[in-house]
Amino acid sequence: MIEHPTGLLQSLALGELDRDEALAVMEHADSCAECAGELADAMRGVAALASSAVAEQPRSAKPAARLRDSRWLVGGLAAAVLALGVWNVQLETTAASVPVDALVHSHFAHHALAGIGGQAKLIQALDGSWVYIVATGLRPLRAYDVLVDGTKIGSVRADLRGEATGYWRRQAGKISSAALAGQDSTLRWDGR
Amino acid sequence: MTASGDAELISRLAGDDRSAIDEAYRAFAHRCKAVAMRTLSDDALAQDAVQEAFLSLWHHRSGLVVRAAGIGPWLVVVTRNAALNLARTARRRSAREAAHAPLESAPDPIEVAVANVEAAGLHDAIERLPDEQRRVILLAYFGGATLAEVAARTGSPLGTVKRRAQLALARLARTLGGVAR
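The present account deals with the structure reproduced in this document.

How each quantity is defined
Residues numbered from 1 in each chain as written. Chains lettered and ligands numbered in written order. Predicted model: local features only at pLDDT ≥ 70, side-chain atom pairs only at ≥ 80, totals over all residues. Heavy atoms only, no water. Helix = DSSP H or I, 4+ residues; strand = E, 2+ residues; numbered from the N terminus. Buried < 20%, exposed > 50% of the residue type's maximum accessible area, 1.4 Å probe, protein only. Contact = heavy atoms within 4.5 Å. Areas by Shrake-Rupley, 256 points an atom, 1.4 Å probe, with all protein chains shown as cover. Axes fitted to C-alpha atoms, helices over the stretch in contact; angles between N-to-C directions. Parallel < 35°, antiparallel > 145°, perpendicular 65-115°, else oblique. Left-handed = near helix turned anticlockwise from the far one by under 90°. Phe/Tyr/Trp six-rings, centres within 6.5 Å; stacked < 30°, edge-to-face > 60°. Lys NZ or Arg CZ within 6 Å of the ring centre and 35° of its normal. Core = buried A, V, L, I, M, F, W, Y, C linked by side-chain atoms within 4.5 Å. Pairing = 2+ DSSP bridges. Expected span 1.5 Å × (residues − 1). Polar contact = N/O pair within 3.5 Å; in protein donor to acceptor, adjacent residues only side chain to side chain.

1. With respect to the overall build of chain A
Point 1. From N to C terminus, chain A includes 6 helices and 8 strands.
Point 2. In chain A, the order of α-helices and β-strands from amino to carboxyl end is α-α-α-α-α-α-β-β-β-β-β-β-β-β.
Point 3. Going through the 192 residues of chain A one by one, you find that 47% of them count as buried.
Point 4. Considering only contacts within chain A whose residues lie at least 6 apart along the sequence, 49% involve residues at least 24 apart.
Point 5. Taken as a whole, chain A presents about 9400 Å² of accessible surface, with 53% of it coming from carbon and sulfur.

Structure (structure tokens):
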């Protein structure tokens, strides 16, 4: 238990803290009316910003994927109820399943995409079964199509810093070219 | 969800009613997913962030913060935080594994933020903030800087920056609050 983490309440609401720090602050605030009130004020502000941005975001041409069935909650909650400490372990398991883990444990190759209007790299499994794009220097908030061998496999949207990442699984096969195509710029790798 | 519906749901959660979390999921998961997607641009990772938030809601169901903030704002913030943590992890791993040649550093976040806060309602709300509060929000929320980094960049004491963040967020909550419920 920590004593009135006043300076950390805004940091928690803004997303600066890692999981353990955030958990410690939240645990305190959950039983301290003074800190709960201040944290709630900050949370409402951040939620208003986040929700406004989402509400005013232009509709994507491609409908968002449907949410998975909420029945996963039954299993997750049962475990959480049985042992309060377990849920963190479960979350770590969930986080450990993120696609980028494949970058660490698989054989992969990567290629620079050249052009004007940013920098990007395509990282791929050697068998072509997945690709990962990391880009910077893009036009902030702009959408870019990701093409592999001339076929669009998905799209990314640059954040406010002009950075974007994306990961896709695909049928295994040799990759001969790739491009990150925006409205007024294209970055390419042509297999050489 | 109405304020009374929110209060009832909070009460059921505090009473360990598991159907309440399912109801909360149906009411708020879509918005949480949208918030996560803005940070992650990856469907599977965004879903992980949403699941983490709802498990966390169950863990904190009896705490004061959920009651004080309301379920919607609480979930949005926790989802966004989970998404930011996943993004940091992914960025560290991809940078470590993939960067033979380092990518160029990002542009100055405040310049980008000022130039690109395009949503009209959001822009107006931010414009109406006092200058020093606006700068904190642009750097910390849109620019991704920590409050300590904001203090260093602006030359203001950290405590002052935190106070400005608190005042700005409270003001934004009042101005934009209808969207956040």
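2. What to know about the packing of helix α2 (residues 18–40) of chain B against helix α3 (residues 43–59) of chain B
Helix-helix packing is characterised by the crossing angle of the two axes and by the distance between the axes.
Residue and element names in this part refer to chain B.
Point 1. Close contact between α2 and α3 brings their axes to 8 Å; oriented N to C, the two are set at 140°. Accordingly, the angle class assigned to the pair α2 and α3 is oblique. You can see that α2 and α3 cross each other, and the crossing is right-handed. Contacts from Arg18, Ile21, Ala24, Tyr25, Phe28, Ala29, Cys32, Lys33, Ala36, Met37 and Leu40 in α2 reach Asp43, Leu45, Ala46, Gln47, Ala49, Val50, Phe54, Leu57 and Trp58 in α3.

3. With respect to the packing of aromatic side chains
Point 1. For the structure on display, the rule yields 1 aromatic pair over all chains.
Point 2. It is arginine 61 of chain B that lies over the ring of tryptophan 58 of chain B; its NZ or CZ is 4.1 Å from the centre.

4. Looking at the nonpolar core
Point 1. If you look at the biggest cluster of nonpolar residues, it comprises 69 residues, and the most contacted ones within it are Met43 and Leu49 of chain A together with Phe54, Leu57 and Trp74 of chain B.
Point 2. The biggest single contributor to this core is helix α3 (residues 33–55) of chain A, with 11 residues.
Point 3. For methionine 43 of chain A, the contacting residues outside a window of four places in its chain are Ala13 and Met26 of chain A together with Val65, Ala69, Pro73, Trp74, Val77 and Val78 of chain B.

5. Remarks on the pairing of strand β4 (residues 143–148) of chain A
Put simply, side chains in a regular strand alternate between the two faces of the sheet.
Residues and elements named next belong to chain A.
Point 1. The two faces of β4 differ: Tyr144, Val146 and Val148 on one face are buried, but Ala143, Asp145 and Leu147 on the other face are not.
Point 2. Relative to strand β5 (residues 151–157), β4 runs antiparallel, the two being bridged by 6 bridges. Looking across to β5, one finds that valine 148 is bridged to threonine 151.
Point 3. Pairing analysis gives 4 bridges linking β4 to strand β7 (residues 178–181), with the strands arranged antiparallel. Bridging across to β7, leucine 147 finds its partner in alanine 179.

6. Re the environment of alanine 145 of chain B
Point 1. Within the element layout of this structure, alanine 145 of chain B appears in the loop between α8 (131–142) and α9 (147–154).
Point 2. Under the relative-accessibility criterion, alanine 145 of chain B is labelled buried at 10%.
Point 3. With near-sequence residues (within four places) excluded, alanine 145 of chain B lies in contact with Glu16 and Arg161 of chain A together with Leu139, Ala140 and Val150 of chain B.

7. Regarding α3 of chain B
All names here are of chain B.
Point 1. Look at α3: 24 Å from first C-alpha to last across 17 residues, which is about the 24 Å you get at 1.5 Å a residue.
Point 2. With respect to burial, α3 is a largely interior element, 14 of its 17 residues being buried.
Point 3. Here α3 starts with a cap whose side-chain oxygen sits 3.0 Å from the backbone nitrogen of alanine 44, and that cap is aspartate 42.

8. A closer look at the pairing of β7 of chain A
Residue and element names in this part refer to chain A.
Point 1. Here β7 runs beside strand β8 (residues 186–189); their pairing, made up of 4 bridges, is antiparallel. From the neighbouring strand, leucine 180 faces β8, where its bridge partner is leucine 187.
Point 2. Remark: 4 residues form the turn of the hairpin made by β7 and β8, two consecutive strands paired antiparallel.

These figures come from the coordinates and say nothing about function on their own.
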